[in-house]
Amino acid sequence: MWFGISASTVAQLLMLAQVSASAVVPAKSEDLCKATLSSAPPSAASGLAAEAAFLEAGEAAGRRGGGLSMLQLAASAQESLQLRRVLSARSRRSPGGAPISPVRNFKGVSMLCLQLPISEAFRREAANGMAFGLGQDPRPLELDDSGFAEVRIADFPDAQLGWKGTVGASEIENVPHRLLSVRLPILRGGEKMYQTVFALSDDDVAVLIYRMSSGIPVKLANISFPATASFPGGLGTNASRRGLNIFQAKNIRDGGEADLTSVEALLAHPEMNFGTEMSNLLPLASSKHNLVFKQLMTKATIANARKVDVEVSMSDGAWDGFSWMLADSKPVNAWWVQADLEVTTTLVSEKRPTLGINPFSDALLYDRVLGEVLTEKEKPPKVKFAYTHGDVIWFTTKIDQKKVTPYLAPGLTLRSDEAVVWHVRWQPADFLNPWGMRGSQHDFLDIEYNELWVTMPVTYKGRNFTYPILMLLDEDVGQMAGQDSAGCPKKLANLTYTFSPQPGQGSEVFLDVNRHGRHVLNVTGKMSGITDKPIVGVNDNKDPAGEILWVMSHQFPWDPAVDRPKYFFLRGVQQTKEQRGLDNLRVSYGAGAPEPLAEWFVGEPIEGGYIRMNQDWLPSLDTPFDWQFEDVDPDEFVEWWKVAFPVLYM
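Summarised in this report is the structure supplied together with it.

**Some points on the overall build of the protein**
- Per the secondary structure count, the protein includes twelve helices and 28 strands.
- Across the 650 residues of the protein, 63% fall into the buried class.
- Taking contacts inside the protein between residues at least 6 apart in sequence as the whole, the part at least 24 apart equals 78%.
- Put simply, the protein shows about 22200 Å² of open surface, and 49% of that area lies on carbon and sulfur atoms.

**Some remarks on the side chain of Gln479**
- Among the structural elements, Gln479 can be located in helix α10 (residues 476-486).
- For Gln479, a relative accessible area of 3% translates into the label buried.
- Beyond its immediate stretch of four places on either side in the chain, Gln479 contacts Leu208, Leu473, Lys490, Lys491 and Leu492.

**Describing the pattern of salt bridges**
- For the structure shown, the criterion picks out 31 salt bridges.
- Between Glu173 and Lys164 there is a salt bridge whose closest N-O contact spans 3.7 Å.
- Residue classification places Glu173 among the partly exposed positions, given a relative accessible area of 26%.
- On the basis of relative accessibility, which here comes to 41%, the residue Lys164 falls in the partly exposed class.

**Thoughts on unusual backbone geometry**
- The omega torsion across Gln427 and Pro428 is 0°, close enough to zero to call that bond cis.
- When you line up the elements, Pro428 lands in strand β19 (residues 418-429).
- The omega torsion across Ser500 and Pro501 is -10°, close enough to zero to call that bond cis.
- You will see that Arg242, though not glycine, has its phi angle at about 50°, which is positive.
- Mapping Arg242 onto the fold places it in the loop between β12 (237-241) and β13 (244-257).
- The backbone of His389 sits at a positive phi, close to 50°, despite the residue not being glycine.
- Taking the relative accessible area as the measure of exposure, His389 reaches 7% and is therefore buried.

**Points about the environment of Asp631**
- Within the element layout of this structure, Asp631 appears in the loop between β28 (601-619) and α12 (634-649).
- Classification of Asp631 as buried rests on a relative accessible area of 17%.
- Along the backbone, Asp631 and Phe568 are 63 residues apart, and their C-alpha atoms lie at a distance of 9.7 Å.

**Observations concerning the packing of aromatic side chains**
- A full pass over the atoms with the stated rule returns 28 aromatic pairs.
- Ring plane angle 55° and centroid distance 5.4 Å describe the contact between Phe556 and Tyr649, whose orientation is recorded as tilted. Residue Phe556 is found in the loop between β26 (548-552) and β27 (566-589), and its partner Tyr649 is found in helix α12; the two are separated by 93 residues along the sequence. We note that Phe556, like Tyr649, is buried.
- Ring centres 5.1 Å apart and planes at 15° place the aromatic pair Phe568 and Phe629 in the stacked group. In this pair, Phe568 sits in strand β27 while Phe629 sits in the loop between β28 and α12, placing the two residues 61 residues apart along the sequence. The pair formed by Phe568 and Phe629 is uniform in burial state, with each residue classed as buried.

**Description of empty space enclosed by the protein**
- A full pass over the atoms with the stated rule returns nine cavities of 30 Å³ or more.
- The volume enclosed by the largest cavity comes to roughly 310 Å³.
- In terms of lining residues, the largest cavity is bounded by 18 residues, among which Arg152, Phe156, Leu179, Ile216 and Glu271 are the most central.
- Of all the secondary-structure elements, those providing two or more residues to the lining of the largest cavity are β2 (103-116), β4 (149-156), β8 (177-188), α5 (204-214), β15 (291-314) and β16 (333-350).
- Split into classes, the residues belonging to the lining of the largest cavity amount to ten nonpolar, four polar and four charged.

**Here's the deal with the environment of Ser230**
- When you line up the elements, Ser230 lands in the loop between β11 (222-224) and β12.
- Distance from Ser230 to Gln338, taken between C-alpha atoms, is 9.4 Å for residues 108 residues apart in sequence.

**Some remarks on α10**
- The buried fraction of α10 amounts to eleven of the eleven residues, a majority that puts the element mostly inside the structure.
- Among all positions in α10, only Asp476, Val477, Gly478, Gln479, Met480, Ala481, Gly482, Gln483, Asp484, Ser485 and Ala486 are buried.
- The residue sitting at the N-terminus of α10 and contributing the capping side-chain oxygen is Glu475; that oxygen lies 2.7 Å from the backbone nitrogen of Val477.
- Directly after α10, the chain includes Gly487, whose backbone phi takes a positive value near 75°.

**Looking at the packing of α5 against α10**
- Where α5 contacts α10, the axes come no closer than 12 Å and their chain directions differ by 25°. With respect to α10, the axis of α5 lies roughly parallel. Pair α5 / α10 crosses with right-handed handedness. Residues Leu208, Arg211 and Met212 of α5 touch α10, and the partners they reach there are Gln479, Met480, Gln483 and Asp484.
- For the contact of α5 with α10, the class distribution of residues is three nonpolar, two polar and two charged.

**Description of the nonpolar core**
- Met456, Ile469, Leu521, Trp600, Phe601 and Trp641 are the most contacted members of the largest nonpolar core, which has 98 residues in total.
- In terms of residue count, α12 provides more of this core than any other element does, eight residues in total.
- Those residues in contact with Phe601, other than ones at most four positions away along the chain, are Thr397, Lys398, Ile399, Ala419, Val421, Val454, Met456 and Tyr589.

**Focus on the environment of Ala159**
- Looking at where Ala159 falls in the secondary structure, it is placed in strand β5 (residues 158-159).
- In this structure Ala159 comes out as buried when scored by relative accessible area, which is 0%.
- Along the sequence, Ala159 and Phe106 sit 53 residues apart, while their C-alpha atoms lie 5.2 Å from each other.
- Not counting the four nearest positions on each side in its chain, Ala159 is found in contact with Phe106, Glu173, Asn174, Val175 and His177.

**Structural notes on the side chain of Ser620**
- Looking at the element boundaries, Ser620 is found in the loop between β28 and α12.
- Apart from residues no more than four positions distant in its own chain, Ser620 is found in contact with Glu547, Phe569, Leu570, Arg571 and Gln628.

**Focus: the packing of α5 against α12**
- Two elements in contact, α5 and α12, have axes separated by 10 Å at closest approach and are oriented at 130°. Our classification of the angle between α5 and α12 gives oblique. Residue-level inspection shows Val205, Leu208, Ile209 and Met212 of α5 in contact with α12, the latter providing Phe645, Leu648 and Tyr649.
- Across the contact of α5 with α12, the residue classes tally to seven nonpolar, no polar and no charged.

Thresholds applied
Residues numbered from 1 in each chain as written. Predicted model: local features only at pLDDT ≥ 70, side-chain atom pairs only at ≥ 80, totals over all residues. Heavy atoms only, no water. Helix = DSSP H or I, 4+ residues; strand = E, 2+ residues; numbered from the N terminus. Buried < 20%, exposed > 50% of the residue type's maximum accessible area, 1.4 Å probe, protein only. Contact = heavy atoms within 4.5 Å. Areas by Shrake-Rupley, 256 points an atom, 1.4 Å probe, with all protein chains shown as cover. Salt bridge = Lys/Arg side-chain N within 4 Å of Asp/Glu carboxyl O. Phe/Tyr/Trp six-rings, centres within 6.5 Å; stacked < 30°, edge-to-face > 60°. 1 Å grid on protein atoms, 1.4 Å probe; cavity = no way out; pocket = protein on both sides within 12 Å on 5 of 7 lines; lining within 4 Å. Points joined across faces, edges and corners; volume = space filled by probe spheres on them. Nonpolar A, V, L, I, M, F, W, Y, C, P; charged D, E, K, R; others polar. Polar contact = N/O pair within 3.5 Å; in protein donor to acceptor, adjacent residues only side chain to side chain. Axes fitted to C-alpha atoms, helices over the stretch in contact; angles between N-to-C directions. Parallel < 35°, antiparallel > 145°, perpendicular 65-115°, else oblique. Left-handed = near helix turned anticlockwise from the far one by under 90°. Core = buried A, V, L, I, M, F, W, Y, C linked by side-chain atoms within 4.5 Å.

Nothing here speaks to function; it is all geometry.
Below you can see the structure in the form of structure tokens.
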């Protein structure tokens, strides 16, 4: 049970935990996520009897961790476990008959393609096995020392990536976007390939779909691109993210006609990506399976190709950028290309390295997930939780069980007809410093963000859990970290969250959530007197039904028998500082297919309230250990994924 557990036991469990990382500041330059909040300073702790024990356990684990992050501790422990669980497996390609078409077409693509020399810093990363996530021998992929890095920045006006509803039974949706990608040359058994190690896009739906379908570690950015169907002479392109001007190419000049055969061959180089979902990487999660790569094959029908001269500049920040991978910003070769692209995705399965993989190395984590910190306000005092000084409002509401059931992950059934919807603003959060294990006096990645949780009461194998069916937030780093590490169903949104005056007796509460112009949720109410009833799934540290069940991850089911989705169970640990009622509660829901709250819920809210709390995460202590990372049935996953597609990605 939770109470009376020893510090040493919790420390050992922390070593095996995989954190549901959900943190960092809105990409303010993207204008998708806007949030405001006025809040009161922390009040005196009310607390639970076990909180001191949890704090003591977290501190003990931090002393044992030697300053490592919880994620790094998890990877280290899992590598040790893998030593005892190495399985022999041959490299093989996935069988045919994928449940969805592996071919995608992009019409009218315009692209600036650059070749640049690789830096010594990146060569050292590759020699150490960390550049491609492969920490130990055997290494199925190695850096091709004879090749050049490729930087591509492209406009995709016709990208049929989305679905308005159920996959295969609804209308396909165009997702026009721009994409910057950095591809490094690799060798796989002597075959020359590339791997995309850094990418940016200006559309958040494209970000999710590329990450989960192609293993491309795309992050949200602003990208400007020449708005011309002809050659962009004298023009340029730019990519910036979270206030950092990462890439700029200007004064594009015509260098003459390019050889079409050579350009077609360049675009046709196979791409081998190991993905962003960490369930594919962690030995504990995947000890029964090989390492799965996503191989992309591109066939280009070129309408125009020109050699170009161009001036390039790049910048790295504290947490972001890719110029460190390159020896020089002067291109060795450069082309302007206009073409139609046909991209085919195939899964490739390789024997897992003996000592496992550490997806949490700084280089990999920075390139795939992190971004510059934009928090500007003065921070409150540091406490030993990763998620701190959270202002929470919550309400319960009746469920339309018939409408909700198709959206539940395989194996889950509703255990009651009441859902809990809650919203929090963390002030700040730092998933790189869980339980203060990296440093008890300060944050490493101190960020603030708003996050909405739509949760369902479910049963799995006879046990009760809380299942987050939809999450919306205004922080893209938190979105990617949560998606990758735990399968959190997170999408970006605009969230406006205010208290007038600051939280307390009589304070007016306002929350408005919208995404891509769609109304999702509006909540108003007035805070009332002090309460002390813990809420299951929010701040109840005792009820096992409050343990969180995730499906990691939401990768495309190219072949789910090979690339296996998995169940993952966590327990949130909260330190409640203040709790109040919420009167005059009024709620309105949106009904769009990507966020069908008006279909899921019926009637007026049953009750609601306010909570001020800190939070961190532990693995589930009540769930049988062999349930952790258990495979989801592949056929059931495909059918669920088709229905849930707009909720997951659109």
